[in-house]
Amino acid sequence: MAATLREVCEHLMGCIVLPTPVFDPSAAVPLEALFDLADVKGQMMARLALELAAAGGHSLLMQGTPGTGKSMLAARLAGILPPMTEQESIESAAVASLGKQGFSMKAWGVRPFRSPHHSSSAAALVGGGSDPKPGEISLAHHGVLFLDELPEFDRKVLENLREPLESGVIQLSRVAKQVTYPAKFQLIAAMNPCPCGFFGHPTRACHCTPNVIARYKERLSGPLMDRIDLCCDVPTIPADDLMTLEPGESTKVVRERVVLLRSKQLDRQGMPNAHLQGKAIDRYCVPSAEAKTILMQAMDKLGLSARAYHRILKVARTLADRTDADLIQREHVLAALQFRRGLSQ
Ligand SMILES: [Zn+2]
């Protein structure tokens, strides 16, 4: 590491040799220090959605009343994410070094987990300023951008996420200059089912009218919802059931599966399933004849966009990888469609 730019120049000219920074694995946060998934009882669909999101890099929206464990699940995502590749670590560190906080070697190889507040401005979220700085979406490059209470964000601010969610980069144009920052972030979002939060709750009353609920959901635009791969409910579990339910699978067990699944994707196509585009989707996400028929019927019936079609296929690919299947089968497509139900309402 260099203390000054002069030292870098001298190093490059061969006058001095700078010491190579060494990453001390013991300095990294140990797995045991992270929240454990075993604490999340029940919630099988939400747990599967979280695992698929971690393994394939898919975007995820969790819906449920307050206190059902959406934030609890999101907080446990960091523990099951696959380790960063060296290239990802370099890119992520480079972007972090441009941010206000700078980069610390302690963060080397640790996937960023950013959770901006819903009052965040567009500049804070996507970057900006007269000398454009990277925003949260770039600081979350190769990591997670967690948006809690999604409908509470300014709709115009959220719309800025559409383009980078597709392209993985953000272009910031200011009078003086134009800057492009990487922004390959994984969107994980959470929302209540209605403004008061208690729609569908077994004991708490919700007085939100259907109109009010519809308006609340309309705050999220169709095109933004189209860019979400997985949607799951995180229902309230009655207190009596919580007492009797067994602890869930631990972070350690789930992480081992995620790491294997991710390396399978990297070996096959050099990137997580969620990042596949164009011809690569046709090449790597091949459905069986039966699976394709089901998917085409669902497209017709639900009026899904081409973008949604591709996203369903990519989620089905991750599900197929989880069962070691080369071809995407009927059950993988059905499960992927199930995870989109909440998005098409
Ligand atoms: Zn309500």
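Treat the numbers as computed from the prediction; the structure is a model and nothing was measured.

1. Notes on the coordination of the zinc ion
Next up, step 1: Within the protein, the atoms that donate to the zinc ion are Cys-194 (SG), Cys-196 (SG), Cys-206 (SG) and Cys-208 (SG), at distances of 2.2 to 2.4 Å.
Next up, step 2: Angles of 107 to 112° at the metal separate the four donor atoms of the zinc ion, which places the site in the tetrahedral class.
Next up, step 3: Donor residues for the zinc ion, ordered by position in the chain, follow C-x1-C-x9-C-x1-C.
Next up, step 4: Judged by relative accessible area, Cys-206 falls into the partly exposed class, the value being 22%.

2. Notes on the packing of aromatic side chains
Given two aromatic rings, one states the distance between the centres and the angle between the planes to describe the pair.
Next up, step 1: Throughout the structure, instances matching the rule amount to one aromatic pair.
Next up, step 2: Taking the ring centre of Phe-198 as reference, the NZ or CZ of Arg-204 above it sits at 4.1 Å.

3. Some thoughts on the sheet that holds strand E2 (residues 113–114)
Next up, step 1: Spatial ordering of the open sheet is given by E2-E5-E8-E1-E9, a layout of five strands whose pairing is parallel. Unpaired on one side and paired on the other, E2 and strand E9 (230–233) mark the two borders of the sheet.
Next up, step 2: Here two bridges tie E2 to strand E5 (residues 144–147), and the two strands are oriented parallel to one another. Residue Arg-114 lies in a different strand from E5, and its bridge partner there is Leu-145.
Next up, step 3: Packed onto the sheet, helix H3 (residues 70–80) meets strand E1 (60–63), E2, E5 and strand E8 (186–191) and runs at close to 150° relative to E1.

Conventions used here
Residues numbered from 1 in each chain as written. Predicted model: local features only at pLDDT ≥ 70, side-chain atom pairs only at ≥ 80, totals over all residues. Heavy atoms only, no water. Donors = N, O, S within 2.8 Å, 3.2 Å for Na, K, Ca; no water. Tetrahedral: all angles 85-135°; square planar, octahedral: opposite > 155°, others 65-115°. Buried < 20%, exposed > 50% of the residue type's maximum accessible area, 1.4 Å probe, protein only. Phe/Tyr/Trp six-rings, centres within 6.5 Å; stacked < 30°, edge-to-face > 60°. Lys NZ or Arg CZ within 6 Å of the ring centre and 35° of its normal. Pairing = 2+ DSSP bridges. Helix = DSSP H or I, 4+ residues; strand = E, 2+ residues; numbered from the N terminus. Contact = heavy atoms within 4.5 Å. Axes fitted to C-alpha atoms, helices over the stretch in contact; angles between N-to-C directions.

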